[in-house]
Amino acid sequence: MSRLYQQAVARERTNSARSDYKRIEVHPIAGALGAEISGVDLSQPLDGQTFKEVHQAFLDHLVIFFRDQNLSPDQHKAFARQFGELHHNDFIHEIEDHPEIVRVARAATDQFVFGNDWHADVTYTKVPSLGSVLYALDVPDFGGDTLFSNLYTAYETLSETMKETLSGLRGLHTAEAIFGKSGAYVQDNYKEGHKATGVSHNEASTEIYAHPIVRVHPETNRKGLFVSSIFTVGIEGMSDDESRAILDFLFEHSVRPDFTSRFRWEKGSLAFWDNRCTLHYALNDAAGVDRLLHRVTVLDGHVDG
Ligand code: SIN
């Protein structure tokens, strides 16, 4: 693990240093993944060169952050649309007049925190999403951070034998366990959060889709693990017990602290993460304080439906 990890970290550092940015400044926030970008006003359409550099930073760092932005819902959507069409989430209530924007809310009295488990967004569809853009409107002075994990490094640090074992296996993804009629978000202990976030246990599809456990990123061609503890419920062709043994190992391995970074929000911060090679986790450590962010999820036009 240690030699493989050193190699993986060195590779991430090389990636970070590789790109030559002229219009933006890129400041990595951790060794594993994540960089803050400065010099960009996201309320305006990006010119060709700036878009190219922001896109490259996104591919190099897996999650990028911007501070002090002032975005209307339309500007938030317009920024995200430069990377692809937007997803309309059938399970979570959107904000008024903006069906593509999910309200990520925690009221001071809520026990429940939306996204308080390691996951990538919208992997339970036929074509998994590209990424998500989360914009902070009202956040605690401290606490309520978001953690991110690098799934390339998670894959690269596996033994060759495990890589061979996983190659060709497909994980089964569904929204059922979370958003389905008996899903976690509609259980009694989540009722408060249910109201706060507007999660609806409606008739939306909870079909199962199979995606490779080792997925080749459609833009970087790098291999990464592609499983998450809330949406991956089994492995195609395996019994529940067999799947569970492998998946439990992968869930734990993919979020080793060494593979992660942590982002501290401020009002006006925006995070754009790649759902194809990262997981994220909203911390539940800010009870008694309101927290409100808006999220859009970008569909992946690089993959055939
Ligand atoms: C999410 O899981 O999409 C939300 C993450 C957060 O609120 O920090």
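Higher on the page you've got the structure.
Residues numbered from 1 in each chain as written. Predicted model: local features only at pLDDT ≥ 70, side-chain atom pairs only at ≥ 80, totals over all residues. Heavy atoms only, no water.

Q: Help me understand the environment of valine 40, please; the structure alone is not making it clear to me.
A: Along the chain, valine 40 turns up in the loop between β2 (35-38) and α2 (48-61). Distance from valine 40 to glutamate 25, taken between C-alpha atoms, is 8.8 Å for residues 15 residues apart in sequence. Residues within four places of valine 40 in sequence aside, it is in contact with Ile24, Leu46, Thr50, Val54, Phe66 and Gln69. (Helix = DSSP H or I, 4+ residues; strand = E, 2+ residues; numbered from the N terminus. Contact = heavy atoms within 4.5 Å.)

Q: I keep staring at the sheet that holds strand β3 (residues 63-66) and nothing clicks. Help me out?
A: Strands belonging to one sheet form pairs held by backbone hydrogen bonds; the direction of such a pair is parallel or antiparallel. Here we have 8 strands laid out as an open sheet, ordered β1-β2-β3-β14-β6-β16-β5-β4, and mixed in their pairing. Strands with a single pairing partner mark the edges of an open sheet, and in this sheet they are β1 (25-28) and β4 (94-95). Where strand β6 (residues 131-138) meets strand β14 (residues 270-274), 5 bridges bridge the pair, whose relative direction is antiparallel. Its bridge partner being in β14, tyrosine 135 is matched across the sheet by leucine 270. Strand contacts of α2: β1, β2, β3 and β14, with the helix running at about 130° to β3, the strand carrying the most contacts. (Pairing = 2+ DSSP bridges. Axes fitted to C-alpha atoms, helices over the stretch in contact; angles between N-to-C directions.)

Q: Sorry if this is basic, but what is going on with the packing of aromatic side chains here?
A: The way to describe two aromatic rings as a pair is by their centre distance and the angle between their planes. Under the counting rule described, the total for this entry stands at 13 aromatic pairs. Taking the centre distance of 6.3 Å and the plane angle of 50° together, the rings of phenylalanine 58 and phenylalanine 83 count as tilted. Residue phenylalanine 58 is located in helix α2, and its partner phenylalanine 83 is located in the loop between α3 (73-81) and β4; the two are separated by 25 residues in the primary sequence. Residues phenylalanine 58 and phenylalanine 83 agree in their burial class; the two are buried. Arranged with centres 4.1 Å apart and planes meeting at 10°, the rings of phenylalanine 58 and phenylalanine 272 form a pair that is stacked. In this pair, phenylalanine 58 sits in helix α2 while phenylalanine 272 sits in strand β14, placing the two residues 214 residues apart along the sequence. Here the two residues phenylalanine 58 and phenylalanine 272 agree in accessibility, since each one is buried. Grouped by ring-pair contacts, the aromatic residues Phe51, Phe58, Phe66, Phe79, Phe83 and Phe272 constitute a single cluster. (Phe/Tyr/Trp six-rings, centres within 6.5 Å; stacked < 30°, edge-to-face > 60°. Buried < 20%, exposed > 50% of the residue type's maximum accessible area, 1.4 Å probe, protein only.)

Q: Is there a simple way to explain the nonpolar core in this structure?
A: Across soluble globular proteins, nonpolar side chains show a tendency to be buried alongside one another. Of all hydrophobic cores here, the largest spans 29 residues; its most connected members are Tyr124, Phe148, Phe179, Trp265 and Leu293. Elements with a minimum of two residues in this core: β3, β5 (98-106), β6, α6 (176-179) and β14. Every residue in contact with leucine 293, bar those within four places of it in the chain, is listed here: Val102, Arg103, Val104, Leu134, Tyr135, Ala136, Leu137, Val139 and Trp265. Among the nonpolar cores identified, the runner-up in size contains 28 residues, and Val26, Ala35, Val54 and Val133 belong to it. (Core = buried A, V, L, I, M, F, W, Y, C linked by side-chain atoms within 4.5 Å.)

Q: Looking at this structure, how should I read empty space enclosed by the protein?
A: Vacant regions in the atomic arrangement are exposed by a probe of water-molecule size rolled over the atoms. Per the stated rule, a full pass over the model turns up 4 cavities of 30 Å³ or more. Its volume calculated, the largest cavity comes out at about 100 Å³. In terms of lining, the largest cavity is formed by Val104, Phe114, Gly115, His119, Asp121, Leu134, Thr146, Trp273, His280, Ala282, Arg291 and Arg295. Of all the elements in the fold, those that place two or more residues in the lining of the largest cavity are β15 (278-282) and β16 (291-298). Split by residue class, the lining of the largest cavity holds 5 nonpolar, 4 polar and 3 charged. In this structure, the second largest cavity encloses a volume near 90 Å³. Considering the residues around the second largest cavity, the lining is formed by 14 residues, among which Phe114, His119, Asp121, Phe179 and Phe231 are closest to the centre. Residue composition of the lining of the second largest cavity, grouped by class: 9 nonpolar, 3 polar and 2 charged. (1 Å grid on protein atoms, 1.4 Å probe; cavity = no way out; pocket = protein on both sides within 12 Å on 5 of 7 lines; lining within 4 Å. Points joined across faces, edges and corners; volume = space filled by probe spheres on them. Nonpolar A, V, L, I, M, F, W, Y, C, P; charged D, E, K, R; others polar.)

Q: I'm lost on the site of the ligand in this one. Help?
A: Every residue lining the ligand is accounted for by Val104, Gly115, His119, Asp121, Leu134, Thr146, Trp273, His280, Ala282, Arg291 and Arg295. Contacts to the ligand include threonine 146, whose side-chain N or O atom sits 2.5 Å from an oxygen atom. At 2.9 Å from an oxygen atom of the ligand is found a side-chain nitrogen or oxygen belonging to arginine 291. In isolation the ligand offers 260 Å² of accessible surface; the protein chains occlude 100% of this area. Of the pockets mapped on this structure, the ligand occupies the largest cavity. Of all elements in the fold, only β15 and β16 reach the threshold of two or more residues within the shell around the ligand. (Near = heavy atom within 4 Å. Polar contact = N/O pair within 3.5 Å; in protein donor to acceptor, adjacent residues only side chain to side chain. Areas by Shrake-Rupley, 256 points an atom, 1.4 Å probe, with all protein chains shown as cover. Sits in = over half its atoms within 2 Å of the grid points.)

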